[in-house]
Protein chains: 2
Amino acid sequence: MASTMKDIARLTGLGLATISKYMNGGTVRPKNKKLIEDAVKELRFIPNEFARSLKTSLSRTVGVVIPELGNQFITSIIITMEDMLRKHDYAVIVCDCRTDSKRESEAVSFLVHKRVDGLINMPTDQSGEHLKPALEAGIPIVLVDRMLKPMNGLVSAVVVDNVDAAEKATHYLMEAGHEDIGLILGNESIFTSQKRCEGYLNAYTEFNIPPRDELIRFSDYTMEGGYAAMKRLLALPKRPTAVFVTNFEMTLGAMIALNEAQLKVPDDISFIGFDKLDLFGAIFPNLTLVKQPQYAIGECVATQLLRLLADPHAERQHQIITLATQLHVGGSTRGIRKPS
Amino acid sequence: MASTMKDIARLTGLGLATISKYMNGGTVRPKNKKLIEDAVKELRFIPNEFARSLKTSLSRTVGVVIPELGNQFITSIIITMEDMLRKHDYAVIVCDCRTDSKRESEAVSFLVHKRVDGLINMPTDQSGEHLKPALEAGIPIVLVDRMLKPMNGLVSAVVVDNVDAAEKATHYLMEAGHEDIGLILGNESIFTSQKRCEGYLNAYTEFNIPPRDELIRFSDYTMEGGYAAMKRLLALPKRPTAVFVTNFEMTLGAMIALNEAQLKVPDDISFIGFDKLDLFGAIFPNLTLVKQPQYAIGECVATQLLRLLADPHAERQHQIITLATQLHVGGSTRGIRKPS
DNA sequence: GTTGAAAAGCGAAACGTTACGTTTTAGGAG
DNA sequence: CTCCTAAAACGTAACGTTTCGCTTTTCAAC
């Protein structure tokens, strides 16, 4: 049934090496080119990637290990990444490790066994231990959104300036007179939560105001989590006058909690959300939010990996790329009288 | 650097065939087993999947072609599918075709070239034309959530009883006295939209009430879409007394529109949503909704494909599996006085 | 016509497995 | 100690490409 290059060679009367050359974009005499193309059509020839991979030791496949496929931020990155990589003829194998470091290790070693050419990882585990098998196998790695503790020049990474993002947002609220700013973060052990918390505290330091611990709520980057965290902030004896929520799902949940509590934004409480300007645009017009360049992140990750993949195993130059976020000023915050 | 079975053979003094046998789970004399295991560790041997694939013509990889990765329903299915398939040592290549039939065709042919062992598809194009290359290559196919017009016994499919789901929900509202029921659907050309519309109309026929065209709104299965559609329903001169929204994102958008319009559910309007019981559970307690068995769908798809994959190319028995939905009765609807 | 360099074509040897058919080994029965 | 049988080990030929080092062809310039 399935035909091979040998069949093409026989049918055209050409040598096997010539067919191979043609298949790889080499130049062939025009009449032979036509000959080959006709034969390919007639025999419905599809090159055997297995044999090709065996010879070249290249799978033209990259692995992606993420903590959670059901998260908008992650999927939006994957969407653009996958698009770009496939345009360059790379297949993308996605492994969801459910924010579990054991599963994460398994996923990496699974992909190493599958001999992926490159690896993209949004790490759950900060130690980076799980990447060892890939490193040993010489597979180039690009980290997304989250950094690892020790990796010195062994991996590339594309992250966002989280400290700056949080600082800017907090600063903005403080300039408007807010001193009690609720902060809703993801899990405490996660890189981005830590950095965003750092930025928030920086602003407090800058304004020389002592932060209130109970206003900082570590949650879990889910809609329910954001909803619950907001509820608890609202239940505080001394309720915050403004809230900053640090991802898309939690922003949604928090907004719903506010709606439910009949609190008007910004009259009753000031609000800064996160991500997905376009989406909120239709629904909560004028929401002030920190916008991460999701499209650019995905694009940047793909570009980085393609660059590493192109370097023929020579000294690969690893880079840490930090992208800026943008504070999109809407109308969901307002100034308040500073306490005298 | 990389070691091969030949190296293991040399180091252990055993024959190549014996190593291969061991690697595939064959029995080996205990002392040889130890010998091999030690050698594997020492040489950090990783079997070369390329060579294996070349010999067996199996990639242990399946392709998934979907219209949109940024959709909760789709990702939740993928999550369980990927989990199950990977447990069986299959890698999953995901291709997002962005609801574009040209891209969909490209994705299928890309995957055929990658020689995936099986294909999972949530079709954008109802003609099924895009699956031809896979069919020709003898790759087993499982359709998810959406059926195709002509495919007779050539593919398997896992769908939900959409007609019944919509009929049940509409029926439930009508029994409570509602006659003007807003319906928010996905794109008109999509299988599930058509079926759900059919179910809705069935209920009207059953109750012998003429449906009002302007209450049926085809949208696009996004949050913004749901929001906009709900707004338009509310702007109608004769506003519906109840609304039925037919996917998760649109339910979210519609709820936000209601909140914004200061309409209380169920006092001002009755509401039936879709999907994600657990999630809404925390946020809109007691929402009445149609629950699709998302976990079961993913599981079922994976099981079907594994079954087809296990059948050694013999006459593969294709099946159409229809799963039932469940009407989860909460408190978001109420009875109204029937007009006299 | 020759000549010669550049372009195109060629044959054969890998790449690292699996699987077929055969030979060797182990160890209990006689 | 021999014989027998089942179990284990073995050698080797594929699988379908790419690539190396040559040989042949082409065609422009003399």
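All figures in this text were calculated on a predicted structure; none of them were measured in a lab.

Observations regarding helix H5 (residues 72-87) of chain A
Because each turn of an α-helix spans 3.6 residues, side chains separated by three or four positions in sequence point in the same direction. For H5 of chain A, with 16 residues, the first-to-last C-alpha span of 23 Å sits near the 22 Å given by 1.5 Å per residue. Within H5 of chain A, 14 of the 16 residues are buried, which leaves the element mostly enclosed by the surrounding structure.

Quick notes on the protein's contact with DNA strand D
In the vicinity of DNA strand D, 25 residues are found, and the nearest of them are Ser20 of chain A together with Gly15, Thr18, Asn32 and Lys55 of chain B. Taking the atoms of DNA strand D that fall within 4 Å of the protein, sugar and phosphate contribute 67% of them. Side-chain polar atom of Asn24 of chain A to a phosphate oxygen of DNA strand D: 3.3 Å apart, as the coordinates give it. One of the backbone nitrogen or oxygen atoms of Asn48 of chain A is found 3.4 Å away from a phosphate oxygen of DNA strand D. At the level of secondary structure, the elements contributing two or more residues to the surface near DNA strand D comprise helix H2 (16-23) and helix H4 (49-56) of chain A together with helix H2 (16-23) and helix H4 (49-56) of chain B.

Brief notes about the protein's contact with DNA strand C
Close to DNA strand C lie 26 residues, the nearest being Gly15, Thr27, Asn32 and Lys55 of chain A together with Ser20 of chain B. Atoms of DNA strand C within 4 Å of the protein belong to the sugar or the phosphate in 68% of instances, the rest to bases. At 3.0 Å, a side-chain N or O of Thr18 of chain A approaches a phosphate oxygen of DNA strand C. A distance of 3.3 Å is found between a phosphate oxygen of DNA strand C and a side-chain nitrogen or oxygen belonging to Asn24 of chain B. Among the elements of the structure, H2 and H4 of chain A together with H2 and H4 of chain B are those that each provide at least two residues to the surface near DNA strand C. When residues in the surface near DNA strand C are grouped by element, the largest group, 4 residues, is from H4 of chain B. Among the residues making up the surface near DNA strand C, the classes are represented as 11 nonpolar, 9 polar and 6 charged.

As for the sheet that holds strand E7 (residues 216-218) of chain B
Residues and elements named next belong to chain B. The strand order E7-E6-E8-E9-E10-E12 describes an open sheet built from 6 strands, whose pairing is mixed. Strands at the two margins of the open sheet, each flanked by one partner only, are E7 and strand E12 (326-328). On average, each strand axis in the sheet is tilted by 15 degrees relative to the strand beside it, whichever way the strands run. Taken strand by strand, helix H10 (residues 223-234) contacts strand E6 (181-185), E7, strand E8 (242-245) and strand E9 (270-274), and its axis lies near 155 degrees from that of E6.

Brief notes about the domain arrangement of chain A
Taken domain by domain, chain A holds domain 1 (5-47), domain 2 (58-159 + 294-323) and domain 3 (162-293). When each unit is reduced to the centre of its C-alpha atoms, the spacing between domain 1 of chain A and domain 3 of chain A is 62 Å.

Notes on the sheet that holds strand E12 (residues 326-328) of chain A
Residue and element names in this part refer to chain A. Reading across the sheet, the 6 strands line up as E7-E6-E8-E9-E10-E12 and stay open at both edges, with mixed pairing between neighbours. Whereas interior strands pair on both sides, the edge strands pair on one side only; in this sheet they are strand E7 (216-218) and E12. Across the sheet, the mean angle separating the axes of adjacent strands is 15 degrees when strand polarity is ignored. Direction of pairing for strand E6 (residues 181-185) relative to strand E8 (residues 242-245): parallel, over a ladder of 4 bridges. Within E8, the residue paired with Leu183 across the bridge is Phe244. The strands that helix H9 (residues 191-206) touches are E6, E7 and strand E9 (270-274); relative to E6, the one it contacts most, it runs at about 165 degrees.

Some points on the nonpolar core
Ranked by size, the top nonpolar core spans 92 residues in total, and within it Met230 of chain A together with Met230 of chain B carry the most contacts. Each residue touching Met230 of chain A, except ones within four places of it in the same chain, is listed here: Ile184, Val243, Ala254, Ala257, Leu258 and Phe271 of chain A. In terms of nonpolar packing, the next biggest core, distinct from the first, is built from 60 residues, Ile66, Tyr90 and Leu323 of chain A together with Ile78 of chain B among them.

Side note on the relation of the copies chain B and chain A
Of the two same-sequence chains, chain B is brought onto chain A (RMSD 0.1 Å, axial shift 0.0 Å) by a rotation of 180 degrees. Expressed as a symmetry operation, the mapping of one chain copy onto the other fits a two-fold axis. Taking C-alpha positions as reference, the residue of chain B nearest the rotation axis is Ile93 of chain B, located at 2.3 Å. Here 100% of the contact residues of chain B are again contact residues in chain A; the copies associate through an equivalent surface.

With respect to unusual backbone geometry
Here the bond from Val265 of chain A into Pro266 of chain A is cis, since omega is 5 degrees, no more than 30 degrees from zero. Relative to the assigned elements, Pro266 of chain A resides in the loop between helix H11 (248-260) and E9. One non-glycine residue with positive phi stands out, namely Gln262 of chain B, at about 65 degrees. Along the chain, Gln262 of chain B falls in the loop between helix H11 (248-260) and E9. When its relative accessible area of 52% is taken as the criterion, Gln262 of chain B is described as exposed.

Describing the side chain of Thr75 of chain A
Structurally, Thr75 of chain A can be placed in helix H5. For Thr75 of chain A, a relative accessible area of 3% gives the class buried. For Thr75 of chain A, the contacting residues outside a window of four places in its chain are Leu69 of chain A together with Leu69, Gly70 and Thr75 of chain B.

Observations regarding the interface of chain B and chain A
Taken residue by residue, the interface counts 55 residues in chain B and 55 residues in chain A. Arg103 of chain B is the salt-bridge partner of Asp83 of chain A, the closest N and O atoms lying 3.1 Å from each other. Between the two partners, chain B and chain A, sit 15 residue pairs in polar contact (both at pLDDT 80 or more). Elements supplying a minimum of two residues to the side of chain B that touches chain A: H4, helix H5 (72-87), strand E2 (91-96), helix H6 (101-113), H10, H11 and helix H12 (277-283) of chain B. Considering every element that reaches the side of chain B that touches chain A, the biggest residue donor is H5 of chain B, with 8 residues. Grouping the constituent residues of the side of chain B that touches chain A by class yields 26 nonpolar, 12 polar and 17 charged.

A word on the packing of aromatic side chains
What describes a pair of aromatic rings is the distance from one ring centre to the other and the angle between the planes of the rings. Inspection of the entire model under this criterion finds 4 aromatic pairs over all chains. Ring plane angle 50 degrees and centroid distance 4.9 Å describe the contact between Tyr200 of chain A and Tyr204 of chain A, whose orientation is recorded as tilted. A residue pair is termed a helical-turn pair when its members lie 3 or 4 positions apart in one helix, as Tyr200 of chain A and Tyr204 of chain A do in helix H9 at 4 residues. The cationic tip of Arg86 of chain A hangs over the ring face of Phe110 of chain B; the distance from NZ or CZ to the ring centre is 5.9 Å.

Quick word on the pattern of salt bridges
Residue and element names in this part refer to chain A. Counted by the stated rule, this structure contains 34 salt bridges over all chains. Arg52 serves as the salt-bridge partner of Glu49, at 3.6 Å between the closest nitrogen and oxygen. One end of the pair, Glu49, and the other, Arg52, are both in helix H4, 3 residues apart, so they sit about a helical turn from each other. Judged by relative accessible area, which is 16%, Glu49 ranks as buried. Overall, Arg52 belongs to the partly exposed group, its relative accessible area being 31%. For the salt bridge of Lys195 with Glu198, the shortest nitrogen-to-oxygen distance reads 3.6 Å. Separated by 3 residues within a single helix, Lys195 and Glu198 lie in helix H9, roughly one turn from each other.

Criteria and thresholds
- Residues numbered from 1 in each chain as written.
- Chains lettered and ligands numbered in written order.
- Predicted model: local features only at pLDDT ≥ 70, side-chain atom pairs only at ≥ 80, totals over all residues.
- Heavy atoms only, no water.
- Helix = DSSP H or I, 4+ residues; strand = E, 2+ residues; numbered from the N terminus.
- Expected span 1.5 Å × (residues − 1).
- Buried < 20%, exposed > 50% of the residue type's maximum accessible area, 1.4 Å probe, protein only.
- Near = heavy atom within 4 Å.
- Polar contact = N/O pair within 3.5 Å; in protein donor to acceptor, adjacent residues only side chain to side chain.
- Nonpolar A, V, L, I, M, F, W, Y, C, P; charged D, E, K, R; others polar.
- Pairing = 2+ DSSP bridges.
- Axes fitted to C-alpha atoms, helices over the stretch in contact; angles between N-to-C directions.
- Contact = heavy atoms within 4.5 Å.
- Domains from an automatic or database assignment.
- Core = buried A, V, L, I, M, F, W, Y, C linked by side-chain atoms within 4.5 Å.
- Least-squares fit on C-alpha atoms with pLDDT ≥ 70 in both.
- Salt bridge = Lys/Arg side-chain N within 4 Å of Asp/Glu carboxyl O.
- Phe/Tyr/Trp six-rings, centres within 6.5 Å; stacked < 30°, edge-to-face > 60°.
- Lys NZ or Arg CZ within 6 Å of the ring centre and 35° of its normal.

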